[in-house]
Amino acid sequence: MTPPTKAFSIVDTDAEVLHVYRPADGTHLRDVKLDTPASVTARAQQLRAAQRDWERLGVRGRTHWINQFRQWILDNTDRLLQICAEEGGRPINEPMLETTLLVEVIDYYSKAAPKLLAPKRLRPHSLLVTGKKLVVHRHPHPLVGVIGAWNFPLLLTVGDAVPALFAGSAVLLKSSELTPIGVRALVEGWNEIGAPPVLDVVDGDGAIGAALIDEVDFIQFTGSVATGRRVARQAADRLIPVSLELGGKDSCVVLSGANVSRAARCAVYGGFANNGQVCMGFERVYVQDDIYEEFVSRVVDSVRRLRSGVGQHGDVGALTSPAQVDIIEFHVADAVAKGASILTGGRRLDRAGNWFEPTVLVDVDHTMTVMQEETFGPVLPIMRVADADEAVRLSNDTEFGLSASIFAATTEQAEGIAARLEVGAVNINDFLINMTCAEAPQGGWKQSGIGSRAGTYGLLKFTRTKVVSENRIGFSDNEINWFPYTAARRKIFRTAVQLVQRRGLDRIGWFLPTNKRKEH
Ligand code: NDP
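Calculation rules
- Residues numbered from 1 in each chain as written.
- Predicted model: local features only at pLDDT ≥ 70, side-chain atom pairs only at ≥ 80, totals over all residues.
- Heavy atoms only, no water.
- Core = buried A, V, L, I, M, F, W, Y, C linked by side-chain atoms within 4.5 Å.
- Buried < 20%, exposed > 50% of the residue type's maximum accessible area, 1.4 Å probe, protein only.
- Helix = DSSP H or I, 4+ residues; strand = E, 2+ residues; numbered from the N terminus.
- Contact = heavy atoms within 4.5 Å.
- Expected span 1.5 Å × (residues − 1).
- Near = heavy atom within 4 Å.
- Polar contact = N/O pair within 3.5 Å; in protein donor to acceptor, adjacent residues only side chain to side chain.
- Areas by Shrake-Rupley, 256 points an atom, 1.4 Å probe, with all protein chains shown as cover.
- Nonpolar A, V, L, I, M, F, W, Y, C, P; charged D, E, K, R; others polar.
- Pairing = 2+ DSSP bridges.
- Phe/Tyr/Trp six-rings, centres within 6.5 Å; stacked < 30°, edge-to-face > 60°.

Turning our eyes to something else, we now look at the nonpolar core. Counting residues in each nonpolar core, the largest one holds 113 residues, and the members touching the most others are L173, I219, V254, F295 and I382. In terms of residues, this core owes the most to one element, helix α4 (residues 93–117), which gives 11 residues. With residues up to four places along the chain from it excluded, the contact list for F295 reads V254, V260, A263, A264, A267, V285, V287 and I382.

What follows is the structure, given as structure tokens:
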């Protein structure tokens, strides 16, 4: 059995449009004008021209406009939710998470950015440089490119643009060809409030993403590992920095003594939120032997109650991409062929659009694709483990390292396990809380990414440092380590260095004749 490939395309180069379809029923939603490499270049040039004044505004001036944008988002939330639910085939609660977090990100950086971006005076660490005044200034990368995925289209594009805008960069976005409408609506909102023209978006497929990388000074990318590698290679050719947020195969570990009721409810939410299309969604569950039966029975009971539907009418939506249904079907079939059992779901839903039943698998093991590769759909495989050590070993047995969750008997036990997991975030007795806290860095280990978003680094990565140094004390017109290199000047310099760098008795010993030194 060979895995299917992503074959779906909605790019119509003849008509110069993207045809956008509703995943819920496959009907045509809207056409969006397709960008070309030439239009990407033109937009990039316009942004570069506007960026200089944006940087000169200073962080407080920029905060004013970003807060106006915040108000626009709040005033237009219902319309944004409607657009995202329709173009993504999602229940309304899912995009609601996006608009909520977008405002949270703005609020965090409104408070944090002025402090983080202010020039920092450094205390000299050594007597040798004690006479120097050192100040670190932060300057933005002028043009930042943000390429986002389709699963959280607003958050993974505009959410990443927010800290770059605070930093003083202009931002050129590229949304996924599957979900361009919501992102475009946000950019229109930015223009509607009369903000400086430092935020724009280009639409198209991967070729337009590649054209964008050729224009920008920093690339922020969210997507699959395979595309992330291509993006990193192209950025390396141009020697521009990248920040990559890539795929995951996140685990949920449930151990004896845990609150099984909460763990089961959380596993269902973590596995099926956004129809399993969450980078940090639970893709593997490891449950200790003595609570396994109770846990599985609770999970299956909950999953059978999930309603497939979109907008106001469902818990789990459609798959945003039709290609995703093929991948999910392949993972389930491969698992069953290797001995897995389906406790509920397991098939495409017999209706128009991209639908798959919420599915629970047991009797799974790590020879199965569903336990190794990203499924990104409504499938929850549950595996029985003997103890915490086995759960940790299996949890780490993956090329990914985004996040994990632990349910254990005590906080101490959970914290001990958290320290052993090879991931960028661990949620104890919960799911995704790290992502809802804008102050917490969010980044993956191993193949799940390079760098992180949110928190201090999530802003400072969009800046370059410039150190301005000067002498605090006026010296003579020549420094002792400058030319000419004479023996006398060398001796003075050497003595000063030895006095500062040698420690304890060694400092005294250095002055003694050579034959006496080792006595000290
Ligand atoms: P893809 O890697 O297919 O695409 C991501 C973006 O890159 C899209 O906008 C895509 O455009 C664009 N793109 C494709 N080819 C290129 C190229 N050669 N150069 C530049 N850009 C290109 O990912 P998906 O959209 O399928 O998103 C799902 C993936 O994203 C999953 O692996 C998921 O885990 C990951 N993800 C990671 C997150 C994290 O924070 N770590 C958060 C959310 C998702 P187009 O779609 O138009 O082809």
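Alright, that's what it looks like, and here's the rest.
In this section: helix α8 (residues 225–238). Residues separated by three or four positions in an α-helix point in the same direction, a consequence of the helix having 3.6 residues per turn. Between the first and last C-alpha of α8 there are 20 Å, a value that for 14 residues agrees with the 20 Å anticipated at 1.5 Å per step. Within α8 the residues assigned to the buried category are V225, G228, V231, Q234 and A235. Looking at the buried residues of α8, the elements they touch are α7 (206–213), β9 (218–222), β10 (242–245) and β16 (400–401). Downstream of α8 by one or two residues, L239 has phi in the positive range, about 55°.

This brings us to the site of the ligand. Near the ligand you find 33 residues, and of these G148, S224, T227, L246 and E374 are the closest. Take T227: an N or O atom from its side chain is 2.7 Å from an oxygen atom of the ligand. In isolation the ligand exposes 910 Å². Once the protein is present, 91% of that is buried. The set of elements that each furnish at least two residues to the shell around the ligand consists of α7, β9 and α8. Examining the composition of the shell around the ligand, we find that 4 residues originate from one element, α7, more than from any other. Within the shell around the ligand, the residues separate by chemical class into 12 nonpolar, 13 polar and 8 charged.

Another aspect to go through is the pairing of strand β3 (residues 28–33). A regular strand carries its side chains on alternate faces of the sheet. The pairing of strand β2 (residues 17–21) with β3 spans 5 bridges and is classified as antiparallel. Residue L18 lies in a different strand from β3, and its bridge partner there is V32. Hairpin remark: β2 followed by β3, antiparallel, with 6 residues in the connecting loop; positive phi at G26, about 75°.

Applying the stated criterion across every chain, the model contains 10 aromatic pairs. Between F69 and W72, the ring centres sit 6.4 Å apart and the planes meet at 15°, which makes this aromatic pair stacked. Taken together, the positions of F69 and W72, both in helix α2 (residues 58–75) and 3 residues apart, correspond to about one turn of that helix. As far as burial versus exposure is concerned, F69 and W72 are alike and both buried. Judged by centre distance (4.9 Å) and plane angle (65°), the rings of F282 and F431 are edge-to-face. Here F431 lies in the loop between β18 (425–428) and α14 (433–436) and F282 lies in strand β12 (residues 282–288), a separation of 149 residues in the sequence. On the accessibility criterion, F431 (6% relative accessible area) is buried.

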